[in-house]
Amino acid sequence: MQVKRKLTPSDLEDMFEDAARTLRRLPNPQGSGPKGYGSAWPDYVQDARHAYGYNEVRMRVIPSAADIARMEQCLDWLRLVSPEDAKIIWLRAEGHRWRYVCIQAGCVRQTAWRRWVAALATIAKKVNGGKS
């Protein structure tokens, strides 16, 4: 896993945020989730103005293969640290506030921040070829 230039923890933070954004943009086709309660009947139009496509248009930007490859690389890097630290990194990459991260991690803000910085530094060191 050699990288052409040395990655800093700040670079890794940006790359993890990009990976979270890419994961959010991946398509989630109908029926790909868990099945739960439902009906076998087809969907029908509730209102006449929705029958002919007069509803809001949703535009989705599907990520490219290079975006997905970078996302998978970042997800592999999360295995270089403990699962608790990986959770903190991923929650911050998704844009959650420190309060939510602290609740999920079960620690105070200063400890969560220290663990986040240390985990990013550990990943940077291992990715850049440092001794583990």
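Before reading further, recall that the structure is shown in the block above.
This structure is a prediction, so every number in the text was calculated from the model and none was measured.

Quick notes on the rules
Residues numbered from 1 in each chain as written. Predicted model: local features only at pLDDT ≥ 70, side-chain atom pairs only at ≥ 80, totals over all residues. Heavy atoms only, no water. Salt bridge = Lys/Arg side-chain N within 4 Å of Asp/Glu carboxyl O. Buried < 20%, exposed > 50% of the residue type's maximum accessible area, 1.4 Å probe, protein only. Helix = DSSP H or I, 4+ residues; strand = E, 2+ residues; numbered from the N terminus. Phe/Tyr/Trp six-rings, centres within 6.5 Å; stacked < 30°, edge-to-face > 60°.

## What to know about the pattern of salt bridges
The final tally for this structure, using the stated rule, is 7 salt bridges. Between Arg 5 and Asp 11 there is a salt bridge, with its nearest N and O atoms 3.2 Å apart. Residue class for Asp 11 comes out buried when judged on its relative accessible area of 19%. Of the charged contacts in the structure, one is a salt bridge between Asp 67 and Arg 25, with a shortest N-O distance of 3.3 Å. Note that Asp 67 is positioned in helix 2 (residues 65–77) and Arg 25 in helix 1 (residues 9–25), a separation of 42 residues in sequence. Each of Asp 18, Arg 21, Arg 25, Asp 67 and Arg 70 takes part in one network of salt bridges that share partners.

## Quick notes on the packing of aromatic side chains
Tallied over the entire structure, the rule returns 2 aromatic pairs. Ring geometry for Phe 16 against Trp 77: centres 6.5 Å apart, planes inclined by 80 degrees, an arrangement best described as edge-to-face. In this pair, Phe 16 is assigned in helix 1 and Trp 77 in helix 2, connecting sequence segments 61 residues apart. We note that Phe 16, like Trp 77, is buried. Seen from their ring centres, Trp 98 and Trp 116 are 5.6 Å apart, and the 80 degrees between their planes marks the pair as edge-to-face. Of this pair, Trp 98 sits in helix 4 (residues 98–105) while Trp 116 is found in helix 5 (residues 109–127), placing the two residues 18 residues apart along the sequence.

Everything listed is a geometric property; what it means functionally is a separate question.
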